[in-house]
Amino acid sequence: MTDHPAKPVLLTGASGNLGRALTKFLAAEGWTLRLTDIVPFPDPVPVGAAFTKADLNDGVTILRLAEGCGAIVHLGGVSVEQPFEEILGPNIRGLFHIYEAARREGARVIFASSNHSIGFHERTETIGADTQFQPDGFYGLSKAYGELMGRLYWFKHGVESVLIRIGSCFPEPTNARMLATWLSYPDFSRLVVRCILTEKVGCCVVWGASNNKRMTWWRSDARATLGWAPQDSADPFAGQLGGKVSDDPVEERYMGGVFCSMGWSRSAPAPAGLFD
Ligand SMILES: NC(=O)c1ccc[n+]([C@@H]2O[C@H](COP(=O)([O-])OP(=O)(O)OC[C@H]3O[C@@H](n4cnc5c(N)ncnc54)[C@H](O)[C@@H]3O)[C@@H](O)[C@H]2O)c1
């Protein structure tokens, strides 16, 4: 059993894949949770939790839901590449509502950022948390914006954030890229616990990947401060997934994988950097 936070935790995107897994994990620890999503919670709401259906675009309801909370785990929003207009409301305006609520409550934000905020770095690179954003689509751009929102609210208002650049968080890895980027649900859940319970986090970035041998891409983050070390690994899947690559050179060249080649309109070859 983990310690309990002193105040309730607001969890957005509760009805999504990670939201459901995290709810189960934290409820089993006896935490008090306020769950919210735009679609109904598909599972029985566990003891210690309450669910409210709400749109992230509705700032008044988000403020109300956050009242008295000590942390907001923000998983809600569009979670794949979509046209800009579809991303704008949930991921940009919705994020502003989350940070305004956090500022009013003095709450900490745990933000589900993404590797797609840096997706156009090449897989041969090793990058630190302070690397340049190189988003691979409007979705990744919204995550870069979210991280910058966290910095703004830290410097101007003292709102703490942990910005988790999640790799691929699924029950199991399903292709060769995920042998590097996979994050197990239990590793993710334990990371969120540390993000909430660590006394001081400031505004920090942590890469969300399990202990995978092929994860040579991402280094230098806040895991030591958070006291988190991933325990699971994609390595046992290497035999069955090692050859599961695409024949698309753009997808295979960059960290963001298939998100990089979606809507690609540049003439080949793919650029090595900003001046290429
Ligand atoms: N799963 C991954 O591998 C991964 C990788 C990188 C980042 N992330 C991020 O982690 C978070 C959770 O991911 P997931 O895989 O569970 O995604 P998901 O799509 O299953 O869950 C997102 C949830 O947000 C809700 N939502 C969408 N628009 C909303 C709105 N306007 N108001 C309220 N709720 C709204 C959806 O209904 C959904 O339940 C997302 O922010 C995603 O971008 C996930």
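Residue numbers restart at each chain and count upward from 1, following the sequence in its written direction. Local features in this predicted model are restricted to residues of pLDDT 70 or higher, and side-chain atom pairs are both shown and tallied only at a pLDDT of 80 or more, whereas totals for entire chains, interfaces and linings draw on every residue.

> I keep staring at the overall build of the protein and nothing clicks. Help me out?
Numbered from the N terminus, helices here are DSSP runs of H or I no shorter than four residues, and strands are runs of E no shorter than two. In terms of helices and strands, the protein carries 10 helices and 11 strands. Atoms counted for the radius of gyration: C-alpha only. Globule rule: 2.2 Å times the number of residues to the power 0.38. Computed over its C-alpha atoms, the radius of gyration of the protein comes to 18 Å, within 12% of the 19 Å expected for a compact globule of 276 residues. By its C-alpha atoms, the protein is 50 × 40 × 35 Å across when sized along the principal axes. Residue burial in the protein is summarised as follows: out of 276 residues, 46% are buried. We call two residues in contact whenever the C-beta atoms placed from their backbones are within 7 Å. Across the protein, contacts joining residues at least 24 apart in sequence account for 66% of those joining residues at least 6 apart. With C-beta atoms placed from the backbone, the exposure class of a residue follows from how many other C-beta atoms lie within 10 Å of its own: 20 or more, buried; 12 or fewer, exposed; in between, partly exposed.

> Explanation requested: the sheet that holds strand E7 (residues 161–166) in the structure shown.
Strands belonging to one sheet form pairs held by backbone hydrogen bonds; the direction of such a pair is parallel or antiparallel. The pairing criterion is simple: DSSP has to find at least two bridges between the two strands. Spatial ordering of the open sheet is given by E3-E2-E1-E4-E5-E7-E10, a layout of seven strands whose pairing is parallel. Among the strands making up the open sheet, the edge pair consists of strand E3 (49–53) and strand E10 (203–208). Along the sheet, successive strands turn relative to each other by an average axial angle of 20 degrees, direction set aside. Here six bridges tie strand E5 (residues 108–114) to E7, and the two strands are oriented parallel to one another. Each bridged residue has a counterpart across the sheet, and for Ala-112 the counterpart in E7 is Ile-164. All axes here are fitted lines through C-alpha atoms, helices being fitted over the stretch that makes contact, and every angle between N-to-C directions spans 0 to 180 degrees. Across the face of the sheet, helix H4 (residues 138–157) comes into contact with E5, E7 and E10 while running at roughly 155 degrees to E5.

> I would appreciate a short explanation of the site of the ligand in the present structure.
Taken together, 25 residues surround the ligand, and among them Gly-13, Gly-16, Ser-79, Ala-112 and Ile-166 come closest. Secondary structure elements with two or more residues in the shell around the ligand: helix H1 (17–28), helix H3 (84–105), E5 and strand E8 (168–169). For the shell around the ligand, the residue count by class is 11 nonpolar, 12 polar and two charged. Contact assignment follows one rule, namely that a residue is near a molecule or strand if its backbone-placed C-beta atom lies within 6 Å of it. Polar here means any residue other than Ala, Val, Leu, Ile, Met, Phe, Trp, Tyr, Cys and Pro, which are nonpolar, and Asp, Glu, Lys and Arg, which are charged; Gly is therefore polar.

> Honestly, H1 in this entry has me stumped. Any pointers?
For an α-helix the count is 3.6 residues per turn, leaving residues at separations of three or four pointing the same way. Helix length check: H1, at 12 residues, gives a terminal C-alpha distance of 17 Å against a target of 16 Å (1.5 Å per residue), a fit within 8%. Among the residues of H1, those classed as buried are Leu-18, Gly-19, Leu-22, Thr-23 and Leu-26. Buried residues of H1 fall within an arc of 130 degrees about the axis and therefore sit on the same side. A positive backbone phi angle near 85 degrees is found at Gly-30, which sits one or two residues after H1. Here, expected helix span is obtained from the residue count minus one, scaled by 1.5 Å. Here, the arc refers to the directions that run from the helix axis to the C-beta atoms.

> Sorry, what's going on with the nonpolar core here?
Across soluble globular proteins, you tend to see nonpolar side chains buried next to one another. Only buried residues count toward a nonpolar core: Ala, Val, Leu, Ile, Met, Phe, Trp, Tyr and Cys, linked into one set through C-beta atoms within 7 Å. Counting 71 residues, the largest nonpolar core has Ile-72 and Ile-110 as the members making the most contacts within it. For this core, the element with the most residues is helix H6 (residues 185–197), which contributes six residues.

> Just to check I follow, could you spell out the packing of H1 against H6 for this structure?
To characterise two packed helices, one gives the angle between the axes of the helices and the distance between these axes. Where H1 meets H6, the axes come as close as 10 Å, and the angle between the chain directions of the two elements is 65 degrees. Classified by the interaxial angle, the pair formed by H1 and H6 is roughly perpendicular. Taken as a pair, H1 and H6 cross one another with a handedness that is right-handed. Each of Leu-18, Ala-21, Leu-22 and Phe-25 in H1 lies in contact with H6, whose residues at this interface are Tyr-185, Phe-188, Ser-189 and Val-192. Looking at side-chain class alone, the contact of H1 with H6 contains seven nonpolar, one polar and no charged residues. Oblique is the label for any angle not under 35 degrees, not over 145, and not in the 65 to 115 range, which are roughly parallel, roughly antiparallel and roughly perpendicular in turn. Take the far helix as the reference: if the near one is turned anticlockwise from it by less than a right angle, the crossing is left-handed, and if turned clockwise, right-handed.

> I would appreciate a short explanation of the pairing of E7 in the present structure.
On a regular strand, one side chain projects to one face of the sheet and the next to the other, so that they alternate. Taking burial as the measure, the six residues of E7 include six buried ones, the bulk of the element. Taking every second residue as pointing to the same face, both faces of E7 are buried, with Ser-161, Leu-163 and Arg-165 on one and Val-162, Ile-164 and Ile-166 on the other. Pairing of E7 with E10, which is carried by six bridges, proceeds in the parallel orientation. Each bridged residue has a counterpart across the sheet, and for Val-162 the counterpart in E10 is Cys-204.

> I tried to follow the environment of Trp-217 on my own but got confused; where do I start?
Turning to its location among the elements, Trp-217 is positioned in the loop between E10 and strand E11 (218–219). Discounting residues that sit within four places of it in the chain, Trp-217 has contacts with Arg-123, Glu-125, Thr-126, Ile-127, Ala-180 and Met-255.

> Explanation requested: unusual backbone geometry in the structure shown.
Generally, phi is negative for residues other than glycine and the peptide bonds are trans, each holding for most cases. Not every positive phi belongs to a glycine, and Ser-220 is a case in point at roughly 55 degrees. You can see Ser-220 is positioned in the loop between E11 and helix H7 (223–226).

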